[in-house]
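Examination of the molecular architecture
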Amino acid sequence: MALTNIRATEASLKEALEKPGAEERELTLMEQLLLRPELSHKDVVTLILDMIFAGIDTTSHTMAFALYLLAKNPEAQRKLQQEVDQVLKDNPETLTPAHTAKLSYTKAVVKESLRFFPVAMGFMRELSSDVVLSGYQIPKGSSVLMLNYEDAQKDTAFPRPREFLPERWLRGNDLAASHAFALLPFGAGTRMCVGRRLAEQEMYVFLARVMQRYTVNYNYGDMDSTMQLILKPSQPLKFSFTDRRA
Ligand code: HEM
C-alpha cells in the first residue's frame, strides 16, 4: 500500500509541478523527499516505510493498549482524570510544555502500558567485544536480543508484575523496578529510538485530552497482543466512551 502510494506520487509529481499555480502549492513531505537529488528512490521508500511502521503504528497501538488497561483498571483511570482536571482546569486550547511537565501520573500510565505491551518487543545488538552475561561467556560478533516483553513481566524485575500499577513509576515507592534497565521500551544507547521524545509528547497529549473529556470502557473480555513486526492488539478496539460533561 505504502509502496504503491510512493510510486503513484513519483509518477504524478512531474506533471503536478508543471501545472499552473504549482509553485504556490505546499509540497507534501513525500514530494519534498522525492525531489531531493541526494536521496535515491530506495532512500525515500525506506524513510516513508520507517515513518509509517516506526512513527504511526507504535504510538497508536500503545494508546490502544493504554485505553484498554485504563478501562480495566478504573482506579488508575480515575487518578489520571483527577490529574488532568487539575493541570488543565482552565481548559487551554493549546497544551504547553508547562502542562505536560506536571502530568506525572499520565507519564506513569504510558510507561506502565509499555511495560504490559511493549510495542517494540525488544531490540538487537551485535557484540563489538566478548562479554559475560549472567555467567555466560558470549563471544564478540554474536547477536544479542534484549526482550522487553519477557523481562518486564518477571517478578525479579518488578514487584507484582501482572498488575497494572502506574504508581511504580512515581518517585519513592516500593513497586519500582529492581534496576534502571529493567524496561527499555525505546531501546538504549546511540541507536535508541530517534522518535522517542516526539512519541512521548504525542501520547501524553492524546491521553490528557481523551481523559479530560471521556471515561473509557471495554466490555469485551480480555485483550491480548499479537506480533506483526510490532505488537498490536489482538481484538477489535470496541471501546465505549462516556462524555464526562454530560
Ligand atoms: C510508542 C512509541 C515508540 C516505541 C515504543 C519505539 C521503540 C523503538 C525501539 C525499541 C527502537 C530500537 C532502538 C534500539 O535499537 O536501541 C526504535 C527505533 C527507531 N524508532 Fe522508535 N519507537 C516509537 C515511536 C517512534 C516514532 C514516533 C518515530 C518517528 C517519528 C520512531 C522512529 C524510530 C526510528 C527511525 C528508529 C531507528 C533508529 C536507528 O536505528 O538508529 N519511533 N524505536
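Up top is the structure these notes are about.
What you see is a predicted model; the values in this text were computed from it and never measured.

**Here's the deal with a nonpolar patch on the surface**
Judged by side-chain polarity, Leu 29, Leu 47, Met 51, Ile 52 and Ile 56 come together as a nonpolar surface patch covering roughly 400 Å² of accessible area. A per-element tally of the nonpolar patch places helix 3 (residues 41-72) first, with four residues. Residue placement: Ile 56 occurs in helix 3.

**Observations regarding the nonpolar core**
Ranked by size, the top nonpolar core spans 37 residues in total, and within it Leu 70, Leu 80 and Leu 207 carry the most contacts. Looking at this core, the elements with two or more residues in it are helix 3, helix 4 (74-87), helix 6 (104-116) and helix 8 (196-213). Every residue in contact with Leu 80, bar those within four places of it in the chain, is listed here: Leu 70, Tyr 105, Thr 106, Val 109, Leu 207 and Met 211. By size, the runner-up hydrophobic cluster in this structure holds six residues, among which are Leu 13, Met 30, Leu 34 and Val 44.

**Thoughts on the environment of Met 124**
Among the structural elements, Met 124 can be located in strand 1 (residues 122-126). Spatially, the C-alpha atom of Met 124 lies 45 Å from that of Glu 23, the residues being 101 residues apart in sequence. Ignoring any residue separated from it by four or fewer positions in sequence, one finds Met 124 in contact with Ser 143, Val 144 and Leu 145.

**Some thoughts on the coordination of the iron atom of the ligand**
Protein coordination of the iron atom of the ligand is limited to a single donor, Cys 193 (SG), which sits 2.3 Å from the metal. When you line up the elements, Cys 193 lands in the loop between helix 7 (148-151) and helix 8.

**Structural notes on the pattern of salt bridges**
Counting across every chain of the model gives 11 salt bridges. Between Glu 38 and Arg 36 there is a salt bridge, with the nearest N and O atoms lying 2.8 Å from each other. Classification of Glu 38 by relative accessible area gives exposed; the value is 52%. Overall, the relative accessible area of 42% leaves Arg 36 in the partly exposed class. Between Glu 75 and Arg 78 there is a salt bridge, with the nearest N and O atoms lying 2.7 Å from each other. One end of the pair, Glu 75, and the other, Arg 78, are both in helix 4, three residues apart, so they sit about a helical turn from each other.

**What to know about the site of the ligand**
By nearness alone, 21 residues border the ligand, and Ala 54, Arg 125, Ala 188, Arg 191 and Cys 193 come closest of all. At a separation of 2.6 Å, an oxygen atom of the ligand approaches a polar side-chain atom of Arg 125. Backbone polar atom of Ala 188 to an oxygen atom of the ligand: 3.1 Å apart, as the coordinates give it. Elements represented by at least two residues in the shell around the ligand include exactly helix 3, strand 1 and helix 8. The class makeup of the residues in the shell around the ligand is 13 nonpolar, six polar and two charged.

**Quick word on unusual backbone geometry**
Its identity is not glycine, yet Ser 134 carries a phi of approximately 50°, on the positive side. Position of Ser 134 relative to the elements: it lies in the loop between strand 2 (131-133) and strand 3 (136-138).

**Here's the deal with helix 4**
Across its 14 residues, helix 4 extends 20 Å between first and last C-alpha, which sits within 8% of the 20 Å expected from 1.5 Å per residue. By the burial criterion, the buried members of helix 4 are Ala 76, Gln 77, Leu 80, Gln 81, Glu 83, Val 84 and Val 87. Buried residues of helix 4 fall within an arc of 165° about the axis and therefore sit on the same side. Across from the buried face of helix 4, at angles greater than 90 degrees, the exposed residues are Pro 74 and Gln 86. Against helix 3, helix 5 (97-101), helix 6, helix 8 and strand 5 (214-217) lie the buried residues of helix 4.

Calculation notes
Residues numbered from 1 in each chain as written. Predicted model: local features only at pLDDT ≥ 70, side-chain atom pairs only at ≥ 80, totals over all residues. Heavy atoms only, no water. Patch = residues over 30% accessible without salt bridge, like charges linked within 9 Å, V, L, I, M, F, W, Y side chains within 5 Å. Areas by Shrake-Rupley, 256 points an atom, 1.4 Å probe, with all protein chains shown as cover. Salt bridge = Lys/Arg side-chain N within 4 Å of Asp/Glu carboxyl O. Helix = DSSP H or I, 4+ residues; strand = E, 2+ residues; numbered from the N terminus. Core = buried A, V, L, I, M, F, W, Y, C linked by side-chain atoms within 4.5 Å. Buried < 20%, exposed > 50% of the residue type's maximum accessible area, 1.4 Å probe, protein only. Contact = heavy atoms within 4.5 Å. Donors = N, O, S within 2.8 Å, 3.2 Å for Na, K, Ca; no water. Near = heavy atom within 4 Å. Polar contact = N/O pair within 3.5 Å; in protein donor to acceptor, adjacent residues only side chain to side chain. Nonpolar A, V, L, I, M, F, W, Y, C, P; charged D, E, K, R; others polar. Expected span 1.5 Å × (residues − 1). Arc of directions from axis to C-beta.

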